[in-house]
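Topology and contacts: notes
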Amino acid sequence: MAIEKSAILAIESDLIEAIKKDDISFLEAALHDDLIFLAPNGQLITKQMDLDSHRRGDMTVDHLIPSIEEVRISGDVATVVVVYETKGTMLGNPIQGRFRYLRVWKEFADGLKVVAGGCFMLGQ
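Residues numbered from 1 in each chain as written. Predicted model: local features only at pLDDT ≥ 70, side-chain atom pairs only at ≥ 80, totals over all residues. Heavy atoms only, no water.

**Structural notes on the overall build of the protein**
Rules: For helices the rule is a DSSP run of H or I covering at least 4 residues; for strands it is a run of E covering at least 2, with both sets numbered from the N terminus onward. We take the radius of gyration over the C-alpha atoms and set the globule estimate at 2.2 Å times the residue count to the 0.38 power. The rule is simple: take the accessible area with a 1.4 Å probe, protein chains only, and divide by the maximum for that residue type; under 20% is buried, over 50% is exposed, in between is partly exposed. All accessible-area figures derive from a Shrake-Rupley calculation using a 1.4 Å probe, and residue coverage is judged against the displayed protein chains alone. Residues counted as positive are Lys and Arg, residues counted as negative are Asp and Glu, and His and the chain ends are not counted. By convention, the point assigned to a charge is CZ for Arg, NZ for Lys, CD for Glu and CG for Asp.
For the protein, the count of helices and strands is 3 helices and 6 strands. Reading the protein from its N end, one meets helices and strands in the order α-α-β-β-α-β-β-β-β. Relative to its length of 124 residues, the protein is compact, with a C-alpha radius of gyration of 14 Å against a globular reference of 14 Å. C-alpha atoms of the protein, sized along the principal axes, occupy 45 × 25 × 25 Å. Classification of the 124 residues of the protein by burial places 35% in the buried group. Surface exposure of the protein reaches about 7,000 Å², of which carbon and sulfur atoms provide 55%. Charge-centre separation for the protein: the mean point of 13 positive side chains lies 4 Å from the mean point of 19 negative side chains.

**Digging into the environment of A18**
The cut-off we apply is this: Here, two residues are considered to be in contact whenever any of their heavy atoms come within 4.5 Å of each other.
Looking at the secondary structure, you find A18 in helix α1 (residues 5–21). Separated by 12 residues in the primary sequence, A18 and A30 have C-alpha atoms spaced 9.9 Å apart. Once you skip the residues sitting within four places of it in the chain, A18 turns out to touch D23, F26 and L27.

**Points about the pattern of salt bridges**
What counts, and what does not: A carboxyl oxygen of Asp or Glu within 4 Å of a side-chain nitrogen of Lys or Arg is what we treat as a salt bridge.
Applying the stated criterion to the full structure yields 12 salt bridges. A salt bridge links K47 to E28; the shortest N-O distance between them is 3.2 Å. One end of the pair, K47, is in helix α3 (residues 47–56); the other, E28, is in helix α2 (residues 24–30), and 19 residues separate them in sequence. Given the relative accessible area of 35%, E28 is considered partly exposed. E69 serves as the salt-bridge partner of R100, at 2.8 Å between the closest nitrogen and oxygen. Of this pair, R100 sits in strand β5 (residues 93–108) while E69 sits in strand β3 (residues 59–74); the two residues are 31 residues apart in sequence, bridging distant segments of the chain. R100 sits in the partly exposed class, given a relative accessible area of 26%. Counted as one network, the salt bridges with shared partners bring together E28, D33, K47, D52 and R55.

Here you go:
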């Protein structure tokens, strides 16, 4: 069965709120155990690394405004391109600017999960 676009838009919105609030239980459920994510610096991020950074409070979000650019659905897989206007800190260092994210969601028996993604900075 194909994923509905409305379901992807809803879970993307929920993901943004979870990131802002360090909602570990939502992130635990929404990120696939075998997640592969490429950070702007090229570092490979796993689910555990992402969850650990939220648990430690390594990242604080002061401002995070999304703009969905594209949603493509192919059966039980959805690819989303979103740009975030971001302001916050990572490991005590300020982060500010526009970042384009590519996220791949897949439908599993227990719901939609992010299986892969990546992001890069567009500018200040």
